[in-house]
Amino acid sequence: MSGSKPDILWAPHHVDRFVVCDSELSLYHIDSAVSSELKAGSLRLSEETTATLLSINSDTPYMKCVAWYPKYDPECLLAVGQANGRVVLTSLGQDHNSKSKDLIGKEFVPKHARQCNTLAWNPLDSNWLAAGLDKHRADFSVLIWDISSKYAPETAVATEKVRLSAGDPEAGLVVTKPLYELGQNDACLSLCWLPRDQKLLLAGMHRNLAIFDLRNTSQKIFVNTKAVQGVTVDPYFHDRVASFYEGQVAIWDLRKFEKPVLTLTEQPKPLTKVAWCPTRTGLLATLTRDSNIIRLYDMQHTPTPIGDETEPTIIERSVQPCENYIASFAWHPTSQNRMVVVTPNRTMSDFTVFERISLAWSPVTSLMWACGRHLYECTEEGKASSLEKDIATKMRLRALSRKLVDLKLLYAIVILQLGDLNLNVVAMALSGYTDEKNSLWREMCSTLRLQLNNPYLCAMFAFLTSESGSYDGVLYENNVAVRDRVAFACKFLNDTQLNRFIEKLTNEMKDAGNLEGILLTGLTKDGVDLMESYVDRTGDVQTASYCMLQGSPSDVLKDERVQYWIENYRNLLDAWRFWHKRAEFDIHRRGSKSDEKVDLSKDKKLAQFNNWFTWCHNCRHGGHAGHMLSWFRDHTECPVSACSCKCMQLDTTGNLIPAETVQA
């Protein structure tokens, strides 16, 4: 990186260390700023943090790229790619064990000298190091080295040693035989290993993105594109990859690799770096040349595409970590949304990207908001005590109300005495009950019941002070459960009053979207109307979907509103990548159609199978199952031109004889 802008790397297993790379390697330790005064040798990164220089390695000239060894031991081993194509293992002077000493100073040398553009350690087999080099017509551009390889004196370069201050000059070894050679007569500008398989390597070549499978190096999967720089895999979604070209970022889905699934807004200046946030799903940061702005693209809210041509939407915003131009940045591996940026003159800044705050009212009128991984709730002080939320208290009050409805005052008083001091006071008031219409007790209770916070206590005194046949104070106490109000109405209202009350209450429940109203509407068309109001008020398509599937007749399930809720819930599960949950929901959904006959005939099942997409796990070529079976009835080799794979012979089930063809 000599003569170029500095880069910055966090230590994989030390959350308080990072290295700055340009003409030399500088290791820093980050710490909390305990006071406003800086210690000697410390740099201010933010109001809360400082950095202290631990060591410097200036013995690796002509650096072009650096990669930190991914395992804990040895902890400070780095691979340095140089302008002549050599890869040197070096250290920052922190390790002194035998393993580290055996590796420090080791060189990996290509046949022909040219610039090393990128390095990547294999995350599963830490002995494998991939290097991407410039084009040479007689050599390969992707070399995979095994750092445990022994000294290989094949050429004259083996006698050259690289002298490093961290190791013994005579201990340096030169390796000239790579483990794998890929990409002949081409250039490699960027590369990364695919986490799902240790032998899959994604490389940004000169004119295409290529996936190399080390189990069969003669073949590769590739797509022609100019966006071949900075390839990086989303750590939370291993099939999603980002790359860039000039000012444009392309997002790829490796499951449908023919074209980008998304192209981000083109920037006026060339991009220099893109990186996925390791602590936040779907958050991509990008940096352009000569800029103090980092652009963030939030793909967390990406809906599931309905068709292949549908582009997902994203939320885009910009942050400014510092006033000066930014040379590079690096996300912190564990601290949420935290990064360190470095300027061309090596000034550093510790910065946290704050999440957008989403506000919402909960169904119980509490204000709630989300920030990062945390959910906060704000309620009015004194609005709801812990006692009122206690389920035991609720059950006691319900039991009390039922005793009062039966005019069993003595039992009610006993239940009240089991509660706290406030309920004992209510029991004392209740003990003075009299059925005289003009009594002082009745007048006082009618006035004071409105000051009670508990709806069941209000309903209790409303019932005791009401005139015969007039029970509106009980029936329309909205905070009393619907089932309790209906039970009261069934006991004390005549048929005409009961029908009128039930009809009015049903309409109120439907308008308010109160799920308790399902008791009155059932899972019928009126129930769908009620659920529609509930979804409009809360957006809870999950509850709506499960309720409608639970015992609803088939004509109700065919209602377009019900189908809309179900499909939206399925799409929501897909967007969250809860595919197993979506599958379980689909199974539950199919099981709910018990009254519908399912066609399980052989022809029907075969027709469904023919539309499935299938592929060979060896050559990775494929197509619809029906087409594949038709081809292999008359051929043995893969239908793709120039592919000699005998796909069907690799499938043991493909050679089985169908049972119906066996003669008895």
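Residues numbered from 1 in each chain as written. Predicted model: local features only at pLDDT ≥ 70, side-chain atom pairs only at ≥ 80, totals over all residues. Heavy atoms only, no water.

## Topic: the overall build of the protein chain
When its secondary structure is counted, the protein chain shows 19 helices and 34 strands. Counting all 664 residues of the protein chain, 44% fall into the buried class. Expressed as a percentage of contacts within the protein chain between residues at least 6 apart in sequence, the contacts between residues at least 24 apart total 46%. If you sum the accessible surface of the protein chain, you get close to 36100 Å²; carbon and sulfur atoms cover 52% of it. (Helix = DSSP H or I, 4+ residues; strand = E, 2+ residues; numbered from the N terminus. Buried < 20%, exposed > 50% of the residue type's maximum accessible area, 1.4 Å probe, protein only. Contact = heavy atoms within 4.5 Å. Areas by Shrake-Rupley, 256 points an atom, 1.4 Å probe, with all protein chains shown as cover.)

## Regarding the environment of Asn 345
Position of Asn 345 relative to the elements: it lies in the loop between strand E28 (338–342) and strand E29 (348–352). The class of Asn 345 is exposed, set by a relative accessible area of 54%. When the C-alpha positions of Asn 345 and Tyr 325 are compared, they lie 9.6 Å apart, and in sequence the two are 20 residues distant. In terms of polar contacts, Asn 345 uses its side chain to reach the side chain of Thr 343, at 2.4 Å. (Polar contact = N/O pair within 3.5 Å; in protein donor to acceptor, adjacent residues only side chain to side chain.)

## Description of the packing of aromatic side chains
Here the structure, examined in full by the defined rule, presents 15 aromatic pairs. Among the aromatic residues, those joined into a cluster by ring pairs are Trp 10, Phe 18 and Tyr 28. The lysine or arginine in question, Lys 220, covers the ring of Phe 222, its NZ or CZ lying 5.5 Å from the ring centre. Sitting over the ring of Phe 492, Lys 491 keeps its end group 6.0 Å from the ring centre. (Phe/Tyr/Trp six-rings, centres within 6.5 Å; stacked < 30°, edge-to-face > 60°. Lys NZ or Arg CZ within 6 Å of the ring centre and 35° of its normal.)

## Comments concerning unusual backbone geometry
Trans is the common state for peptide bonds, and a negative phi is the common state for residues other than glycine. Although it is not a glycine, Asn 337 sits at a positive phi angle of roughly 60 degrees. Here Asn 337 lies in the loop between strand E27 (328–331) and E28. Judged by its relative accessible area of 2%, Asn 337 is buried. A positive phi angle, near 65 degrees, is found at Arg 620, a position not held by glycine. With respect to the helices and strands, the residue Arg 620 is situated in the loop between strand E33 (613–615) and strand E34 (622–624).

## Details of the state of the cysteines
For the coordinates displayed, the defined rule picks out zero disulfides. No disulfide involves Cys 645; its nearest neighbouring cysteine sulfur is the one of Cys 647, lying 3.8 Å away. The class for Cys 645 is buried, based on a relative accessible area of 8%. (Disulfide = S-S within 2.5 Å.)

## Quick word on the sheet that holds strand E15 (residues 188–193)
Spatial ordering of the open sheet is given by E15-E16-E17-E18, a layout of four strands whose pairing is antiparallel. Looking at the sheet topology across the chains shown, the edges are occupied by E15 and strand E18 (220–224). Averaged over all adjacent pairs, the angle separating strand axes in this sheet is 15 degrees, with direction ignored. Relative to strand E16 (residues 200–205), E15 is paired through five bridges, and the arrangement is antiparallel. Following the sheet pairing, Cys 192 is matched in E16 by Leu 202. (Pairing = 2+ DSSP bridges. Axes fitted to C-alpha atoms, helices over the stretch in contact; angles between N-to-C directions.)

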